[in-house]
Amino acid sequence: AQSVTQPDIHITVSEGASLELRCNYSYGATPYLFWYVQSPGQGLQLLLKYFSGDTLVQGIKGFEAEFKRSQSSFNLRKPSVHWSDAAEYFCAVGQAAGNKLTFGGGTRVLVKP
Amino acid sequence: ETGVTQTPRHLVMGMTNKKSLKCEQHLGHNAMYWYKQSAKKPLELMFVYNFKEQTENNSVPSRFSPECPNSSHLFLHLHTLQPEDSALYLCASSQDRQEKFFGPGTRLTVL
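Residues numbered from 1 in each chain as written. Chains lettered and ligands numbered in written order. Predicted model: local features only at pLDDT ≥ 70, side-chain atom pairs only at ≥ 80, totals over all residues. Heavy atoms only, no water.

Side note on the overall build of chain A
Secondary structure assignment for chain A yields 0 helices and 12 strands. In sequence order, the secondary structure elements of chain A are arranged as β-β-β-β-β-β-β-β-β-β-β-β. Computed over C-alpha atoms, the radius of gyration of chain A comes to 13 Å, within 12% of the 13 Å expected from 2.2 N^0.38 for 113 residues, which places it in the range of a compact globule. Based on the C-alpha atoms only, the size of chain A along its principal axes is roughly 45 × 30 × 20 Å. (Helix = DSSP H or I, 4+ residues; strand = E, 2+ residues; numbered from the N terminus. Rg over C-alpha atoms; globule rule 2.2 N^0.38 Å.)

What follows is the structure, given as structure tokens:
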């Protein structure tokens with residue numbers, strides 16, 4: 001069975017500082033990996049995805065993520081956080097065949113002025 | 001309208017009511033999903049429809065009844081719900097196993 005763990009429930013970061021959100025997954029085959037962001041009262045918006053190829057993927061809003069197979073990780077990073085990045089972030093793993101997507105518990109990011 | 005839309009955005013209902021949630025996708029996708037998002041719990045997949053056929057039901061209680069009349073519309077019919085069913089219900093669509101596009105959700109409160 002596939003699973004996703006986001007160890008940090010809350011992270012507080014100062015505006016302009018860097019941000020890294022951790023994601024560890026468990027999946028028997030090559031995973032499809034995603035990061036989504038959810039602003040208050042909104043649905044989920046896709047930030048970036050990894051299917052294959054270059055292990056460093058670029059997404060929208062200045063985010064990037066790195067797939068590390070040896071560590072079963074897909075951490076999300078942003079070099080300089082803006083106040084509008086305050087939201088909840090979800091990591092998810094999907095199947096190469098089929099369309100089931102398993103989400104982590106989410107990390108809520110607070111941005112200090 | 002673009003993307004995935006959901007109506008209503010907010011719904012308050014009693015335990016004896018019957019209501020329906022509606023989802024519409026304008027992306028030409030062939031798969032649609034219902035997810036439940038409760039406080040302090042990961043997103044839970046409820047139902048999956050591929051080409052209008054239900055392909056997955058994740059042990060969802062029968063008081064939730066999905067309907068997919070065509071590949072663009074998805075409904076979730078609700079009856080005799082419990083207070084613990086209060087949550088944000090998210091609809092999503094995708095083209096095969098590609099990334100899912102989510103709607104804004106319906107915030108449901110069961111009194």
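With respect to the sheet that holds strand S8 (residues 73-79) of chain B
All names here are of chain B. On the basis of which strands lie adjacent, the open sheet formed by 4 strands has the order S1-S3-S8-S7 and antiparallel pairing. If you trace the sheet from one side to the other, it starts and ends with strand S1 (4-7) and strand S7 (64-70), each paired once. Recorded for the sheet is a direction-independent mean angle of 20° between the axes of neighbouring strands. Here S1 pairs with strand S3 (residues 18-25) via 4 bridges, running antiparallel. Across the sheet, residue Thr7 finds its bridge partner in S3, namely Lys22. (Pairing = 2+ DSSP bridges. Axes fitted to C-alpha atoms, helices over the stretch in contact; angles between N-to-C directions.)

As for the layout of surface pockets
Space inside the largest pocket adds up to approximately 460 Å³. Mapped onto the lining of the largest pocket, the elements with two or more residues apiece are strand S10 (87-94) of chain A together with strand S9 (87-94) of chain B. For the lining of the largest pocket, the residue count by class is 7 nonpolar, 10 polar and 5 charged. Lining the second largest pocket we find 14 residues, and of these A:Leu44, A:Gln45, A:Leu46, B:Phe101 and B:Phe102 sit closest to its centre. Broken down by element, the lining of the second largest pocket gets its largest block of residues, 3 residues, from strand S6 (residues 44-50) of chain A. Classifying every residue of the lining of the second largest pocket gives 8 nonpolar, 5 polar and 1 charged. (1 Å grid on protein atoms, 1.4 Å probe; cavity = no way out; pocket = protein on both sides within 12 Å on 5 of 7 lines; lining within 4 Å. Points joined across faces, edges and corners; volume = space filled by probe spheres on them. Nonpolar A, V, L, I, M, F, W, Y, C, P; charged D, E, K, R; others polar.)

A closer look at the pattern of salt bridges
Within the structure shown, the criterion is met by 8 salt bridges over all chains. Measuring nitrogen to oxygen at the nearest pair gives 2.8 Å for the salt bridge that ties A:Lys49 to B:Glu99. In this pair, A:Lys49 sits in strand S6 while B:Glu99 sits in the loop between S9 and strand S10 (101-102), so the two residues belong to two different chains. For B:Glu99, a relative accessible area of 14% gives the class buried. Shared partners join several salt bridges into a network, and the residues in it are A:Glu64, A:Glu66 and A:Arg77. (Salt bridge = Lys/Arg side-chain N within 4 Å of Asp/Glu carboxyl O. Buried < 20%, exposed > 50% of the residue type's maximum accessible area, 1.4 Å probe, protein only.)

Remarks on the state of the cysteines
Residue and element names in this part refer to chain B. Taken as a whole and assessed by the stated rule, the structure comprises 2 disulfides over all chains. Cys23 shares a disulfide with Cys91; S-S distance 1.9 Å. On the sign convention where negative means left-handed, the S-S torsion of about -75° between Cys23 and Cys91 marks this disulfide as left-handed. Residue Cys23 is located in strand S3, and its partner Cys91 is located in strand S9; the two are separated by 68 residues in the primary sequence. Relative accessible area serves as the criterion here: at 0%, Cys91 is assigned to the buried category. Lacking any disulfide linkage, Cys68 is separated from the closest cysteine sulfur, that of Cys91, by 9.0 Å. Given the relative accessible area of 12%, Cys68 is considered buried. (Disulfide = S-S within 2.5 Å.)

Some thoughts on the environment of B:Ser38
Residue and element names in this part refer to chain B. Examined against the element boundaries, Ser38 turns out to sit in the loop between strand S4 (31-37) and strand S5 (44-50). Classification of Ser38 by relative accessible area gives buried; the value is 14%. Setting aside its immediate chain neighbours within four residues, Ser38 contacts Glu44 and Ala87. (Contact = heavy atoms within 4.5 Å.)

Structural notes on the interface of chain A and chain B
Across the boundary between the two partners, chain A contributes 22 residues, which contact 21 residues of chain B. Connecting chain A to chain B are 1 salt bridge. Counting across the interface, chain A meets chain B through 4 residue pairs in polar contact (both at pLDDT 80 or more). Those elements giving two or more residues to the side of chain A that touches chain B turn out to be strand S5 (32-38), S6 and strand S11 (101-103) of chain A. When residues in the side of chain A that touches chain B are grouped by element, the largest group, 4 residues, is from S5(A). (Polar contact = N/O pair within 3.5 Å; in protein donor to acceptor, adjacent residues only side chain to side chain.)

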